[in-house]
Amino acid sequence: MLATAQTSRGLRKELSAFDLTMLGIGAIIGTGIFVLTGTGATVAGPGLVLSFVISAFACGFAALCYAEFASMLPVSGSTYTYAYATLGEMIAWIIGWDLLLEYLLASSAVSVGWSGYFQSLLSGFGVTLPEYLTAAAGSLPGKQTLFNLPAFCVAMVITALLAFGIKESKRVNNVVVLIKVGVVLLFIGIGVWHVKPVNWQPALPFGFSGVFHGAAIVFFSFIGFDAVTCAAEEVKNPAKDIPRGVIWSLGVCSLLYVVVAAIMTGIVPYMQFAGVDHPVSLALQVAKLDWFAGFVDLGAILGMMTVILVMTYGQTRILFAMSRDGLLPKIFSEVNPKYGTPYKATWLIGTIIALLAGFVPLHTLAELVNIGTLAAFTLIALSVIVLRKREPDLPRKFVCPGVPYIPTLAILCCGFLMTQLSLLTWLCFMAWLLIGLVVYFGYSRRNSLLNNPA
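A brief look at the structure comes next. (Residues numbered from 1 in each chain as written. Predicted model: local features only at pLDDT ≥ 70, side-chain atom pairs only at ≥ 80, totals over all residues. Heavy atoms only, no water.)

Formed by 140 residues in total, the largest nonpolar core has its most connected members in Phe-34, Tyr-80, Phe-187 and Phe-225. Excluding its chain neighbours within four sequence positions, the residues that come into contact with Tyr-80 are Ala-92, Trp-93, Ile-95, Gly-96, Leu-99, Ile-318, Ala-321, Met-322, Asp-325 and Leu-327. (Core = buried A, V, L, I, M, F, W, Y, C linked by side-chain atoms within 4.5 Å. Buried < 20%, exposed > 50% of the residue type's maximum accessible area, 1.4 Å probe, protein only. Contact = heavy atoms within 4.5 Å.)

Encoded structure:
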């Protein structure tokens, strides 16, 4: 894998540890903090703080495993690549196929969420779009909607930015991340003075089962730090910078999530979050801070834009790696000589994401995205244990501590959270994997470099 990455027409190395941290924060802080905090509060109550802590620990264990692999194998593809190196081609294909669904649906769903906040911001200036261009057909009962134009447009703008180069993308991402983190910190600084401790009682209205259910829901909030490892071939010093980017971004976001969850449930009684899509705005209304709502809308808009950017970026790099290994057509690994990006894959995937966001009403994608991510984290932890046994002498610039105990904790935590998801989610997940196996045996296995080394 390393030899192939070094001899092929490579991607440009433009990223530092700071850029990777900003990339991770850009992917993590978005829909989770601006939307799912309200959903989680309805099932966990004030115990939502514990839900975030549990999810953060599950991700933290997995992050240490990611960091070891990323420092040892600085190749595009993230979980897919690591599974390929340790568990074999077929398992790698399954997890790669799984990640395609995860990133595709996540990008589309966040684009739709972005559209809602953007239209809310426009309405504050007295601007409204024609009703049929505000949402996909059937999204809003009683309204004649046809196409979500803002969602389509933001996905295409992000696609164009990614196609034109990673240097330009990182500059935009870094600036936007600093702005949205500033908005979150401002909310914390102002909101803490409006907390009423009585709203934290009872602390666990639904018991620990509610806390665990909440953890399975808000796990979506942490998705994104793994996308940092997709950038491995575009990092100046991958052995040191990727582990730092993974761990730093997850640590910063975990702290912000826990504090925001505590403040929100302290301002608003958890029952009032039922059916609310803008929980941060609700907290501001209850605290009589309506003047601050515009800042929150701006933070949400910027936050979701960077999530779309990083998720789309991650998916194109996974496609790039799978194509280079022969599992997908070569078109996905063609690099533009001027911009140094897999431009054909970027435009194709970006267009699909935009069309899904424009035409398909996406209501409850969080669980389906979560199960794919949890499966990926489980395989990574298993891969660390396997490779420590098979190749104990391989050079590792970053070593996951406590092997096999830390990876085992990651497997147990992620496996437990998967059991908290619905049966329908499991059925949809298994159906997607079945389709993937058909593609693998019908095309990928016969065309892979592993089976056709010449």
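The terminal C-alpha atoms of helix H7 (residues 149-163), which comprises 15 residues, lie 21 Å apart, in line with the 21 Å expected from a rise of 1.5 Å per residue. Among the residues of H7, Pro-150, Ala-151, Val-154, Ala-155, Met-156, Ile-158, Thr-159, Ala-160, Leu-161, Leu-162 and Ala-163 are the ones counted as buried. (Helix = DSSP H or I, 4+ residues; strand = E, 2+ residues; numbered from the N terminus. Expected span 1.5 Å × (residues − 1).)

So, about the environment of Ile-371. Along the chain, the position of Ile-371 falls in helix H14 (residues 366-390). In the structure, Ile-371 is positioned 67 residues away from Val-438 in sequence and 21 Å away in space, judged by C-alpha atoms. Residues in contact with Ile-371, not counting those within four places in the same chain, are Met-418, Leu-421, Thr-425, Trp-426 and Phe-429.

Time to look at the state of the cysteines. Scanning all chains against the criterion turns up zero disulfides. Cys-253 takes part in no disulfide bond, and the closest cysteine sulfur to it belongs to Cys-59, at a distance of 10 Å. Using a relative accessible area of 0% as the deciding quantity, one classes Cys-253 as buried. (Disulfide = S-S within 2.5 Å.)

Evaluated as defined, the whole model comprises four salt bridges. For Glu-68, the salt bridge goes to Arg-388, with nearest N and O atoms at 2.8 Å. With Glu-68 in helix H4 (residues 48-72) and Arg-388 in helix H14, this pair connects stretches of sequence that are 320 residues apart. Taking the shortest distance from any N to any O, the salt bridge between Glu-68 and Arg-396 comes out at 3.0 Å. One end of the pair, Glu-68, is in helix H4; the other, Arg-396, is in the loop between H14 and helix H15 (405-419), and 328 residues separate them in sequence. Here Glu-68 and Arg-396 have matching classes, each one buried. Several salt bridges share partner residues, and in doing so they unite Glu-68, Arg-388 and Arg-396 into one network. (Salt bridge = Lys/Arg side-chain N within 4 Å of Asp/Glu carboxyl O.)

This paragraph deals with the packing of aromatic side chains. If you walk through the whole model with that rule in mind, you get 17 aromatic pairs. Judged by centre distance (5.4 Å) and plane angle (25°), the rings of Trp-93 and Trp-97 are stacked. Of this pair, Trp-93 and Trp-97 both sit in helix H6 (residues 89-124), four residues apart, which is roughly one turn of the helix. Through a chain of ring-to-ring contacts, the aromatic side chains of Trp-93, Trp-97, Trp-432, Tyr-440 and Phe-441 assemble into a single cluster. (Phe/Tyr/Trp six-rings, centres within 6.5 Å; stacked < 30°, edge-to-face > 60°.)

Quick look at the environment of Phe-18 now. By secondary structure assignment, the location of Phe-18 is in helix H2 (residues 17-28). When its relative accessible area of 45% is taken as the criterion, Phe-18 is described as partly exposed. With 49 residues separating them in the primary sequence, Phe-18 and Ala-67 have C-alpha atoms 15 Å apart.

Where nonpolar side chains cluster on the molecular surface, the patch consists of Leu-355, Phe-359 and Val-360 and spans about 240 Å² of accessible area. Tracing the backbone through its elements, the reader meets Val-360 in the loop between helix H13 (343-359) and H14. (Patch = residues over 30% accessible without salt bridge, like charges linked within 9 Å, V, L, I, M, F, W, Y side chains within 5 Å. Areas by Shrake-Rupley, 256 points an atom, 1.4 Å probe, with all protein chains shown as cover.)

A separate point is the packing of H4 against helix H9 (residues 207-218). At a minimum axis separation of 8 Å, H4 and H9 run at an interaxial angle of 55°. Taken together, the axes of H4 and H9 are oblique relative to one another. Crossing of H4 over H9 shows right-handed handedness. Here H4 contributes Leu-48, Leu-50, Ser-51, Phe-52, Ile-54 and Ser-55 to the contact with H9, which in turn contributes Gly-210, Val-211, Phe-212, Gly-214, Ala-215 and Val-218. (Axes fitted to C-alpha atoms, helices over the stretch in contact; angles between N-to-C directions. Parallel < 35°, antiparallel > 145°, perpendicular 65-115°, else oblique. Left-handed = near helix turned anticlockwise from the far one by under 90°.)

Moving on: helix H11 (residues 279-286). Counting buried residues along H11, six of its eight residues qualify, which places the element largely inside the surrounding structure. Within H11, burial applies to Pro-279, Val-280, Ser-281, Leu-282, Ala-283 and Leu-284. Of the residues one or two after H11, Lys-288 is the one with positive phi, at around 60°.

Turning our attention to unusual backbone geometry. Here the bond from Gln-201 into Pro-202 is cis, since omega is -5°, no more than 30 degrees from zero. If you trace the backbone, Pro-202 turns up in the loop between helix H8 (166-191) and H9. Backbone torsion omega between Val-403 and Pro-404 reads 10°, so that peptide bond is classified as cis. Within the element layout of this structure, Pro-404 appears in the loop between H14 and H15. The phi dihedral of Lys-288 is positive, around 60°, even though this residue is not glycine. Note on placement: Lys-288 falls in the loop between H11 and helix H12 (293-324).

Here we take up the packing of H6 against H12. What describes two packed helices is the angle between their axes and the distance between those same axes. Running from N to C, H6 and H12 point in directions that differ by 160°, and their axes come no closer than 8 Å. Between H6 and H12, the crossing angle belongs to the class labelled roughly antiparallel. The two elements H6 and H12 cross, and the hand of that crossing is left-handed.

Before going further, it helps to examine the environment of Ile-349. Within the secondary structure, Ile-349 is located in helix H13. The buried category is assigned to Ile-349, whose relative accessible area is 8%. Taking C-alpha positions, Ile-349 is 18 Å from Gly-372, a pair spaced 23 residues apart along the chain. Aside from chain neighbours lying at most four places away, what touches Ile-349 is Gln-315, Thr-316 and Leu-319.

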